[in-house]
Every structure is written in structure tokens, then in C-alpha cells.
Amino acid sequence: MNESIETRHAQSPAETARMDTEQLRKNFLIEKVFEKDTIHLTLSFYDRYISGGAMPADKPLELPNPDNLKAQYFLERREMGIINVGGKGTVEADDEKYELDFKEALYISKETKKVIFYSADKSNPAKFYINSAPAHHKFSTKKITKKEAEIVTLGSLENSNHRTINKLIVNSVVQTCQLQMGMTELKTGSVWNTMPAHTHDRRMEVYFYFEIPEGQAVCHFMGEPQESRHIWMKNDQAVISPNWSIHAGAGTSNYTFIWGMAGENLDYGDMDVAAVKDLR
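Residues numbered from 1 in each chain as written. Predicted model: local features only at pLDDT ≥ 70, side-chain atom pairs only at ≥ 80, totals over all residues. Heavy atoms only, no water.

**Concerning the UniProt feature "binding site: Zn(2+)" (unreviewed entry) in the protein chain**
Turning to step 1, where the next piece is worked out: The sites that carry the UniProt feature "binding site: Zn(2+)" (unreviewed entry) are, in the present numbering, H198, H200, E205 and H247. What stands out for the annotated residues spanning 50 residues is how close their C-alpha atoms remain, the widest pair being 11.7 Å apart.
Turning to step 2, where the next piece is worked out: Inspection of the secondary structure puts H198 in strand 17 (residues 198-199).
Turning to step 3, where the next piece is worked out: Looking at H198, the relative accessible area reads 6%, which means it is buried.
Turning to step 4, where the next piece is worked out: Beyond its immediate stretch of four places on either side in the chain, H198 contacts E205, S245, I246, H247, M271, D272, V273 and A274.
Turning to step 5, where the next piece is worked out: At 3.4 Å, the side chain of H198 forms a polar contact with the backbone oxygen of P196.
Turning to step 6, where the next piece is worked out: When residues no more than four places from it in sequence are discounted, the contact partners of E205 are H198, H200, V239, I240, S241, H247, W259, G260 and M261.
Turning to step 7, where the next piece is worked out: Of note is the side chain of E205, whose polar atom sits 2.8 Å from the side chain of H200. (UniProt positions renumbered as here; feature names shortened; annotations may be inferred. Helix = DSSP H or I, 4+ residues; strand = E, 2+ residues; numbered from the N terminus. Buried < 20%, exposed > 50% of the residue type's maximum accessible area, 1.4 Å probe, protein only. Contact = heavy atoms within 4.5 Å. Polar contact = N/O pair within 3.5 Å; in protein donor to acceptor, adjacent residues only side chain to side chain.)

**Quick look at the pattern of salt bridges**
Turning to step 1, where the next piece is worked out: Using the criterion set out here, one finds 16 salt bridges in the structure.
Turning to step 2, where the next piece is worked out: Of the charged contacts, one joins E6 and R8 as a salt bridge, the two residues approaching to 2.9 Å between their closest N and O atoms.
Turning to step 3, where the next piece is worked out: Among the residues examined, E6 registers a relative accessible area of 40% and is labelled partly exposed.
Turning to step 4, where the next piece is worked out: Here R8 falls in the buried class, since its relative accessible area comes to 7%.
Turning to step 5, where the next piece is worked out: One salt-bridge network, held together by shared partners, links K103, K146, E185 and E211. (Salt bridge = Lys/Arg side-chain N within 4 Å of Asp/Glu carboxyl O.)

**Observations regarding the sheet that holds strand 8 (residues 96-100)**
Turning to step 1, where the next piece is worked out: The sheet built from 4 strands is open, its strands ordered 5-10-7-8 with antiparallel pairing. The two strands at the open ends of the sheet, each matched to only one other strand, are strand 5 (61-62) and strand 8.
Turning to step 2, where the next piece is worked out: Where strand 7 (residues 89-93) lies against strand 10 (residues 115-119), 5 bridges are found, and the strand directions are antiparallel. The partner of G89 across the bridge, within strand 10, is S119. (Pairing = 2+ DSSP bridges.)

**Some details on the environment of H247**
Turning to step 1, where the next piece is worked out: Among the secondary structure elements, H247 is positioned in the loop between strand 21 (237-241) and strand 22 (248-251).
Turning to step 2, where the next piece is worked out: Classification of H247 as buried rests on a relative accessible area of 1%.
Turning to step 3, where the next piece is worked out: Taking the C-alpha atoms as reference points, H247 and E205, 42 residues apart in sequence, are found 8.3 Å from one another.
Turning to step 4, where the next piece is worked out: Residues in contact with H247, not counting those within four places in the same chain, are N193, T194, H198, T199, H200, E205, Y207, H220, F221 and S241.

**Some remarks on the sheet that holds strand 23 (residues 256-263)**
Turning to step 1, where the next piece is worked out: Taking strand neighbours across the sheet as the criterion, the 7 strands line up as 2-21-18-23-15-14-13 in an open arrangement whose pairing is antiparallel. Of all the strands in the sheet, the pair left with one neighbour each is strand 2 (29-30) and strand 13 (150-154).

Structure follows, in C-alpha cells:
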């Protein structure tokens, strides 16, 4: 099986402020999430968060046990969230099978020994976007559809940020230790996400951008509120957001992104807002 795991060290605000474009992209951008018949994973030392993708086509893919984890198996001391952003597929978790359609999610509990990914149609393979964080307790594995999500509509077309937030793996929907995941869909004509921009010292995030039309892009903004930086991103790419960094984006078209986060608490509203007029 083809697999890769990349390690990203944590960077301080002072280090990040001195980075050029190439250094920013090397440290924070995850350029390749999906590749046919391959699992790509990236381990960030911010809260030891793992993000990546599994794209089975011609054969099933089994979740590996990277040496970086020093564990008997991947989820020995971890929990995992999965959102399918491709064709219909199945995730097998310790002999239980869960069918996931487009934009459906699965929470997999700590101590699940084996995870295998399948596609229903190799000509339209599933694309399982994966997030994982350390876990202290074993909860129940659970599938979450968009109908079961906690849905919030925010923003306005006048401010170019009319969007629907689908909270899929959050404590109001499924019990987790610290992992949270959801999906924000921009309305037609809106391009800004996560405004007002904010930081939260209690947790970090990873953003995964998809449904970006061919020839279009998203400009992701990061850094301290008064020392911001940007990274241009293409479809099916992810970006690491440290706890001290803002995380917002604007696209040349509307798009969808998945946010995943982990840290000290499960309070979705725990954030320190930076007023638009104060951003630099």
C-alpha cells in the first residue's frame, strides 16, 4: 500500500513573521491530501494533530501505524474524524462497516484497532478526509449525516460572507475527547469565510478547502492579527492554523471548506475576535 506521513514542527509568531512565501508554504500548507490508492498524512506538533486523506480506487486502503506515533496501532491513544468529499464509499472500523456518501462524516473512537477504506465505484472514488487528535477516553463510533448536523447560517451577501456552517463532529452531536470537525459552505456570490477573524489560545485548527472551481483559488490569511500573512491555495489542499494565528480566507469564487480543531475545550464559541478595522 502507498502511504506517507510528513511531520511539521511548531513555529512561533516571531519566526513566522520573518518567513517568505516559500517558507510559509513549507511549514503550514499541506499541498497533497489525495492521491489515487494512497493515504497521505501530516502530523503537526501543534497539539499533535494529524490531517490527511485516503483515496481508495483499485483496492481498499488500510490505515497505517506510523512509527511517529510509537503505538501498537494508530488509534491506540487517538480518536479520528472522517468526512467523505468524493464518491460513495465505506469505512470499516473493527469489522463494523459504515457507508459514507458525499459530505457525510464518521467519528471513530479511541482503541479501534483496524480501519479500512473502500470505494463503491473506482471510476468515482471516495475521498476520505481524515483528522485525528490524542484521546483520553473511549467513546462510541458514530456516523453523522448532514441531517444530523447542527446547522447555523451566518453572514450576509452584502458583506460577501453568507455561509452555512454544518457542525458534524461536535459535542452537541457526538461525544468526543477534543476533536471537532465541521463544514462551511459559501453561498453563491460570497467568498469570505470566518469573519470576524479570531484566534483561540485554547486550540489549533486545520482548514481543508475543496469545491474550488477549476482555474479559481482561495487566499488563506494567517498570522497574528497585527502581523498577518497569506497563502494562496488550490482545490483539495489544507493549511495548518496555530492557536496564536487568525484563520480566514477569501476566494475568487464560492467554495466549501472543512474545519477541524483540537485543544483544551469543546466550546465552539471560545474565541478572541479581532475586529476587521484592527487587522494589519
